[in-house]
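# Examination of the molecular architecture
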Amino acid sequence: MPELLAPAGSMDAVRAAVQNGATAVYLGFGTFNARRGAKNFTADEMRQALSYCRLHGVKTNVTVNTLISDREIPALLRDVRLLLEAGADALIVQDLGAARCIWEHFPDAVLHASTQLTVHSLAGARAAKALGFSRVVLSRELPLEEIRYITAHAGVETEVFVHGALCMCYSGQCELSAVIGRRSGNRGMCAQPCRLPYGGKNRYPMSLKDLCLLPRLRALCEAGVSSLKIEGRMKRPEYVAIVTKIYAAVLNEGRAPTRDELDTLEKVFSRDGFTQGYLDDHIGPSMFGMRAPTPEKGLAPLYDAAARTFAEGQERPCAAVSFAFSAHEGAPVTLRADDSANTVTVTSGIPERAQKRETITEDIEKSLRKTGGTIFSVKQIDMQLDGGLRIAAKTVNDLRRQALAALEEMRTTVPPVRENTETVEIETLDTGFSGYTVQVRELEQLTDALAQLPVQTYYVPVHELAAHKARAAQLLARGCMLVPVLPRIIWDREQKQVLEQLEECKTIGCTAALCGTIGQIVPVRALGMQAFGDFGLNAFNSGALEVLRGMGVARQTLSFELRLPQVRDLHKPLETELIVCGRLPLMLTENCMIAGREGGCKRDGTGKCADGAYYLTDRRGAKFPVFREEHCRTSLYNSQPLYLEPDEYRQTGITYARLLFTDESPAQAARIARAVLAGETPDFGVQLTRGLYRRGVE
Ligand SMILES: [Zn+2]
Ligand SMILES: [Zn+2]
């Protein structure tokens, strides 16, 4: 049976989760967790929480799942040391550089790949495994069939979300909050701009209902997933208690949920009811919803009852203990206690002969069964008692207390943490600034005028190149380096088609491909092509660059959440690239942003979303282009195009600077590129931004 993993944002929530049947909890600590708004634990509270969980035999996963800058690494290591010494079972990590650094210092640390790593395919899970992760938290968007396939073949544990909020964007690929308000979702500061109206007061094209897979637990168990995760570290402990209790009951009893259970879940929090659309591969209007305006009305009795389940000192026994008691004439009285993980034997003095009433087994049993106030319940008592002895109740009570205290001690003891002090310096490959690259959405944008410019690389979507091979071959023959861009999301059912397109590109002379997520690097290299890493890999520090280099990436685009001084200070063990011009990508969604909310998306290119250009308008009137991608995924781009002056980035040690074209016409693209290459400010016809390179993110 998979573990039931409950969220805990406070000590109360930890008790709420444990007392209501969670077999694992996840908690946030310090600066480096994806819920920096949550009421976080102090060091002492964290030690207390981890110890409490160890005592109760509940696993603990601590989130360290934000992007981390080079300067923050020492603080990260301090946090990690504290967590490991306090007995955290695993850490949930997004940042590849953070993972490298943690393993370098603490070789035995167990790391789980956060959902922020956007693992959504077998190749992605295998890549995470090869790096050393023992578990991957899969993207919430996956249908059961994909989850089952990955779980069956990856050789690494899988964890899936079963309950709680759904973001519109694939986790790890959302830049909306960062770019429009400096509050980075990748740094635990998402301001949830996706919950706001766009294009009118009552239009919420990006607000999804909450997930509830309670009716589908059996299918997930059969799929072999290791962990079922409840979202909600920001939620109050009563919520954690109620949701955990219901999930634990349905899971443990292997039955369907009752109407009453589903109603209760809906009452404590939902957005117009729940959805299981992703798991059932049935997305569209039914997945969208807003939170009701007065959600907490009438919940007091429910919350009061829930609060009683985790009141301090209220312990529900959670561990079975077996006692073996023996008292023989002339030998010390002994009690052996066994909680199936640990065994302890305690002894007392030699028993006296009974003067009046002899002690009988019932007397001993009565004392041994007094385990109230501890976590133990008595499973079995094995009794060897000679007749004619007198053993005081106090003697037996003391033995019981000693034995149980010793067991508790053993349960909470943390084995020593192995630490490595030798670290490997990351080399810098001094490439010098080597020129510009250009990315287009459609091959049509790559006109002869644009192709004539001194551009080092042209990135074009793989399906565009495969669909227009003659034109692509012509450009290649002219000496243009064409690099196919892989879709950032490639489900396993889509993998074959993409690889075929990629092979066609290779046949006409392409030698490299641009990879957006970690699962794509190995398949590209297996085709004998060079792998370039795109922004979706969130390369935010030197360690991440080193990990990607080690995976075979030859050129890596840096996170555009970095500030320019950070870009400059990175150790760059491979060619690096920075996006310096164009609309930045903000979101990548499984649900169609164009026609998903209202209906009319057919997911095959014939629906209302079929003809390209579409804009979302926010409350201030800013217009964000939305594009339909392959399989009717949609991507959202910034309202303001980015432009950096060459002086700003040429001295930062990057190898290439990229111009990214999205909704620009072919003529406009050529004109803009010509201007940028000449060092002139390009005319996009709208106001420009410097992105986050100057301002940085929180
Ligand atoms: Zn969001
Ligand atoms: Zn669509």
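Residues numbered from 1 in each chain as written. Chains lettered and ligands numbered in written order. Predicted model: local features only at pLDDT ≥ 70, side-chain atom pairs only at ≥ 80, totals over all residues. Heavy atoms only, no water.

### Observations regarding helix 10 (residues 259–268)
- Of the positions making up helix 10, those classed as buried are Glu 261, Leu 262, Thr 264, Leu 265 and Val 268. Summarising the axial view, the buried residues of helix 10 lie within an arc of 160 degrees, below the 170-degree limit, and thus occupy one face. In helix 10, those exposed residues whose orientation departs by more than 90 degrees from the buried face are Arg 259 and Asp 260.
- If you follow the buried residues of helix 10, they end up packed against strand 7 (157–164), strand 8 (210–212), helix 9 (237–253), strand 10 (274–275) and helix 11 (300–309). (Buried < 20%, exposed > 50% of the residue type's maximum accessible area, 1.4 Å probe, protein only. Helix = DSSP H or I, 4+ residues; strand = E, 2+ residues; numbered from the N terminus. Arc of directions from axis to C-beta. Contact = heavy atoms within 4.5 Å.)

### Overview of the environment of Gly 685
- Looking at where Gly 685 falls in the secondary structure, it is placed in the segment after helix 22 (666–677).
- A residue is classified by how much of its surface remains accessible, and Gly 685, at 65% relative accessible area, is exposed.
- Spatially, the C-alpha atom of Gly 685 lies 9.7 Å from that of Gln 668, the residues being 17 residues apart in sequence.

### Topic: the sheet that holds strand 13 (residues 343–347)
- Strand order in the open sheet formed by four strands is 13-12-11-15, with mixed pairing between adjacent strands. A single partner strand is all that each edge strand has here, and the edge strands are strand 13 and strand 15 (376–385). When the angles between neighbouring strand axes are averaged without regard to direction, this sheet yields 15 degrees.
- Note: strand 12 (residues 334–338) against strand 13, five bridges, orientation antiparallel. Considered in strand 13, the bridge of Thr 334 is made with Thr 347.
- The sheet strands contacting helix 12 (residues 361–368) are strand 11 (319–327), strand 12 and strand 15, and the helix crosses strand 15 at an angle near 155 degrees.
- Against the sheet, helix 13 (residues 393–412) contacts strand 11, strand 12, strand 13 and strand 15, and its axis sits at roughly 150 degrees relative to strand 13. (Pairing = 2+ DSSP bridges. Axes fitted to C-alpha atoms, helices over the stretch in contact; angles between N-to-C directions.)

### Here's the deal with the domain arrangement of the chain
- If you check the domain split of the chain, you get domain 1 (3–166 + 208–309), domain 2 (319–412) and domain 3 (436–677).
- Between the C-alpha centres of domain 1 and domain 3 the distance comes to 32 Å.
- If you look at the interface, domain 1 gives 37 residues, while domain 3 gives 31 residues.
- Here domain 1 meets domain 3 over a buried area of about 2,800 Å², counting both sides, of which 61% is carbon and sulfur.
- Its largest share of buried area at the contact with domain 3, domain 1 owes to Leu 67, Leu 96 and Phe 288, together 19% of the area lost on that side.
- Here domain 1 is connected to domain 3 by four salt bridges.
- Note that Arg 493 and Glu 145 form a salt bridge whose closest N and O atoms lie 3.2 Å from each other.
- For the side of domain 1 that touches domain 3, the secondary-structure elements that each account for two or more residues are helix 4 (96–105), helix 5 (122–131) and helix 6 (144–153).
- Broken down by element, the residue count for the side of domain 1 that touches domain 3 peaks at six residues, all from helix 5. (Domains from an automatic or database assignment. Buried area = accessible area lost by both parts, 1.4 Å probe. Salt bridge = Lys/Arg side-chain N within 4 Å of Asp/Glu carboxyl O.)

### Re the coordination of the zinc ion (ligand 2)
- Only Cys 592 (SG), Cys 601 (SG), Cys 609 (SG) and Cys 632 (SG) from the protein reach the zinc ion (ligand 2) as donors, at distances of 2.3 to 2.5 Å.
- Taken together, the four donor atoms surrounding the zinc ion (ligand 2) define angles of 88 to 141 degrees at the centre, an arrangement classified as irregular.
- Taken in sequence order, the residues that donate to the zinc ion (ligand 2) follow the motif C-x8-C-x7-C-x22-C. Note that Cys 592 is positioned in the loop between strand 24 (585–589) and strand 25 (614–617) and Cys 609 in the loop between strand 24 and strand 25, a separation of 17 residues in sequence. (Donors = N, O, S within 2.8 Å, 3.2 Å for Na, K, Ca; no water. Tetrahedral: all angles 85-135°; square planar, octahedral: opposite > 155°, others 65-115°.)

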